[in-house]
Amino acid sequence: MALQISERVRALAAEAQAGLRSQFDRIDAIAEENTQKVLAAFQKHRVAESYFAGTTGYGYDDIGRDKLDEIFAEIFGTEDALVRIGFVNGTHAITAALFGALRPGDVLVSAVGAPYDTLLGVIGVVDKGPGSLKEYGVGYRQVELTADNQPDLAGLSAAVKEPGVKAVLIQRSKGYSTRSSLSVDEIGAMCALIRAANPDASILVDNCYGEFVETREPTEAGADLVVGSLIKNPGGGLAPTGGYIAGRRDLVEAAAMRLTAPGIGRECGSTLGNNRSLYQGLFLAPHTTAQAVKTAVFAARMMELLGYRTEPASDAVRHDIIQMLHFGSPEPLKKFCRGIQFGAPVDSYVTPEPWDMPGYDCQVIMAAGAFIQGASIELSCDAPMREPYTAYLQGGLTYESGKAGVMLAVEELLNF
Ligand SMILES: *Cc1c(COP(=O)(O)O)cnc(C)c1O
């Protein structure tokens, strides 16, 4: 039995897709270049079946794990990298990087407003929660965005000159904020400015949602470290869990001491048979990321044809996989999310409802039906239930399935 999609929505989808040819060509060209980059790294590091064997227990001499570190370093243009299933999520990897780079008395600066929600507790932005950087005596400043929601470059330059500033955190993707995501060029300009103002500060980039969306990564534009999650772009939809850090060797080593224990660092950490998925996921990642970007662009175009506001617009050059869709009121937003859920390959029969999620000041609705729990490289949509009723859509393992999900969401939306 085929999916229940009306002729009207199929016609709208055909019109939307017809207008996206040049945008899709651009996305495909990026995927092609990044695929070649990944393939070249696999060949240089002589990837072989033996790398996939994996270890148990302490995980000493796990050749697949150690070679994958070298391959990530190659791809991100860095001295070193640490790729581990022991990172429970992106927040954990960023936390290890921050604790590795900072010591009591140091100050961390967030370059583009508040960082991602889960990092507030890590840093101790609101209160000195147990185990936070703040509890360990690390200070924090935040450079607010300008009145028109842009990075404040003059403010950044001044902030990093303050006494004690040892690290600067730049978040590439907008995450769930309303600012634009940063391009690698913009991050490069910020890195040059930070370097000139404070040569001692390490520059850490929260790279979540940005990997492989462009042909260069922030570490190729001046950042000292990039950090991200393997259940987003670089896991290619296959990595079952984990995170990565790539960059300057001293910072990577210091983060490894936080991940495991001082003196143990990267030497331990068994891979339990997951190396194959991490390698295959990385191999697919440039393509999978492009599928997600195409799904985002298609969703934007569909909604624009229906008269809704989108951000970025369907013809904009992309810097991450996130698509904002502004619904303006709760009902259409809920319907759209329900449709996304009905289009999922897993849990398609459940109905998402807004709920009180810890850490939010309003209810949140989340639609996702993923093979890997919480994987947002798979099609998902979530929204805080407040003005301006904006949905954040991301993922799509294949453009075809992402497109189907969006068509079902539009079907639900139009179905009064
Ligand atoms: C996903 C994400 C993180 C980390 O979130 P986890 O759920 O811990 O993996 C951090 N920053 C940004 C911008 C993200 O998108």
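What counts, and at which threshold
- Counting restarts for each chain, with residues numbered from 1 along the sequence as it is written.
- Two thresholds apply to this predicted model, a pLDDT of at least 70 for residue-level local features and 80 or more for giving and counting side-chain atom pairs, whereas whole-chain, interface and lining totals are computed over all residues.
- The side-chain values count all of the structure's non-hydrogen atoms but skip hydrogen atoms and water molecules.
- What counts as a helix is a DSSP run of H or I of at least four residues, what counts as a strand is a run of E of at least two, and both are numbered from the N terminus.
- Between the first and last residue of a helix there are one fewer steps than residues, each counted as 1.5 Å, and that sum is the expected span.
- Each residue is placed in one exposure class: buried if its accessible area under a 1.4 Å probe, protein chains only, is under 20% of its type's maximum, exposed if it is over 50%, and partly exposed if it falls in between.
- Only heavy atoms enter the contact rule, under which two residues are in contact if any of them lie within 4.5 Å.
- Strands are treated as partners if at least two bridges between them are detected by DSSP.
- Seen with its strands pointing away from the viewer, a crossover is right-handed if its path from the first strand over the helix to the second goes clockwise.
- Basic side-chain nitrogens of Lys or Arg form a salt bridge, by our definition, when they fall within 4 Å of a carboxyl oxygen of Asp or Glu.
- Throughout, the protein atoms alone are placed on a 1 Å grid, and a set of points is a cavity if a 1.4 Å probe fits but cannot get out or a pocket if it is open with protein on both sides within 12 Å along at least five of seven lines; lining residues have an atom within 4 Å of a point.
- Grid points are joined across faces, edges and corners, and a volume is the space filled by probe spheres set on the points.
- Polarity classes work like this: nonpolar for Ala, Val, Leu, Ile, Met, Phe, Trp, Tyr, Cys and Pro, charged for Asp, Glu, Lys and Arg, and polar for all others, with Gly in that last group.
- For helices, the fitted line uses only the C-alpha atoms of the stretch in contact; every axis is such a line through C-alpha atoms, and the angle between N-to-C directions lies from 0 to 180 degrees.
- Any residue with a heavy atom lying within 4 Å of a molecule or strand is counted as near it.
- Accessible surface area values rest on a Shrake-Rupley calculation with a 1.4 Å probe, where residue burial reflects the displayed protein chains alone.
- Here the aromatic set is Phe, Tyr and Trp, taking the six-membered ring for Trp, and pairing holds for ring centres within 6.5 Å; pairs whose planes are under 30 degrees apart are stacked, those over 60 apart are edge-to-face, and all others are tilted.

1. Let's talk about helix H3 (residues 63-76)
- If you check H3, its first and last C-alpha atoms are 20 Å apart, about what 14 residues at 1.5 Å a residue would give, namely 20 Å.
- Gly64, Arg65, Leu68, Asp69, Ile71, Phe72, Ala73, Ile75 and Phe76 are the residues of H3 that are buried.
- For H3, the elements touching its buried residues are helix H2 (21-44), strand S1 (80-84), strand S6 (225-229), strand S7 (243-247) and helix H9 (275-305).
- Glycine 77, located one to two residues past H3, shows a positive phi value of around 65°.

2. A look at the pairing of strand S5 (residues 202-206)
- The element S5 is extensively covered by neighbouring structure, given that five of its five residues are classed as buried.
- Burial of S5 is two-sided: the residues Ser202, Leu204 and Asp206 facing one way and the residues Ile203 and Val205 facing the other way are all buried.
- Where strand S4 (residues 165-171) and S5 come together, five bridges link them in parallel fashion. Looking at S5, one finds that alanine 167 is bridged to serine 202.
- Crossover connection from S4 via helix H7 (residues 184-197) to parallel S5: handedness right-handed.

3. With respect to the pattern of salt bridges
- Enumeration over the complete set of coordinates arrives at 20 salt bridges.
- Close ionic contact of glutamate 353 with arginine 338 constitutes a salt bridge, the shortest N to O distance being 3.8 Å. Placement of the pair is glutamate 353 in the loop between helix H10 (330-342) and strand S10 (364-368) and arginine 338 in helix H10, with a sequence separation of 15 residues.
- On the accessibility criterion, glutamate 353 (44% relative accessible area) is partly exposed.

4. Remarks on the layout of surface pockets
- Roughly 270 Å³ of internal volume is contained in the second largest pocket.
- The wall of the second largest pocket is formed by 14 residues, among which Phe99, Gly100, Leu102, Arg103 and Arg258 lie closest to the centre.
- Of all the elements in the fold, those that place two or more residues in the lining of the second largest pocket are helix H4 (90-101) and helix H8 (249-259).
- Ranked by residue count, the leading element in the lining of the second largest pocket is H4, at five residues.
- When grouped by side-chain class, the residues that make up the lining of the second largest pocket number nine nonpolar, three polar and two charged.

5. Looking at the sheet that holds S7
- Here seven strands make up an open sheet; going across it, the order is S1-S7-S6-S5-S4-S2-S3 and the pairing mixed. On the outer flanks of this sheet lie S1 and strand S3 (139-142), each paired with one strand and no other. For this sheet, the mean inter-axis angle between neighbouring strands, taken without regard to orientation, is 20°.
- Packed on one face of the sheet, H7 meets S4 and S5 and runs near 170° to S4.

6. A word on the site of the ligand
- The ligand sits among Asn89, Gly90, Thr91, Ile94, Tyr116, Gln171, Asp206, Cys208, Tyr209 and Lys232.
- Within the complex, 89% of the 380 Å² of free accessible area of the ligand lies under protein.
- If one sorts the elements of the shell around the ligand by residue count, H4 sits on top with three residues.
- Residue classes in the shell around the ligand are distributed as four nonpolar, four polar and two charged.

7. Topic: the packing of aromatic side chains
- Considering all chains together, one arrives at 16 aromatic pairs under this definition.
- Note on phenylalanine 76 and phenylalanine 212: the rings are 6.4 Å apart at their centroids and 40° apart in plane angle, and the pair reads as tilted. Within this pair, whereas phenylalanine 76 is found in helix H3, its partner phenylalanine 212 is found in the loop between S5 and S6, the two being separated by 136 residues in sequence.
- For phenylalanine 76, a relative accessible area of 1% corresponds to the buried category.
- We classify phenylalanine 212 as buried; its relative accessible area is 2%.
- On the numbers, 5.1 Å between centres and 90° between planes, the contact of tyrosine 176 with tyrosine 392 is edge-to-face. Remark: tyrosine 392 occurs in strand S12 (residues 390-394) and tyrosine 176 occurs in the loop between S4 and H7; sequence separation between them is 216 residues.

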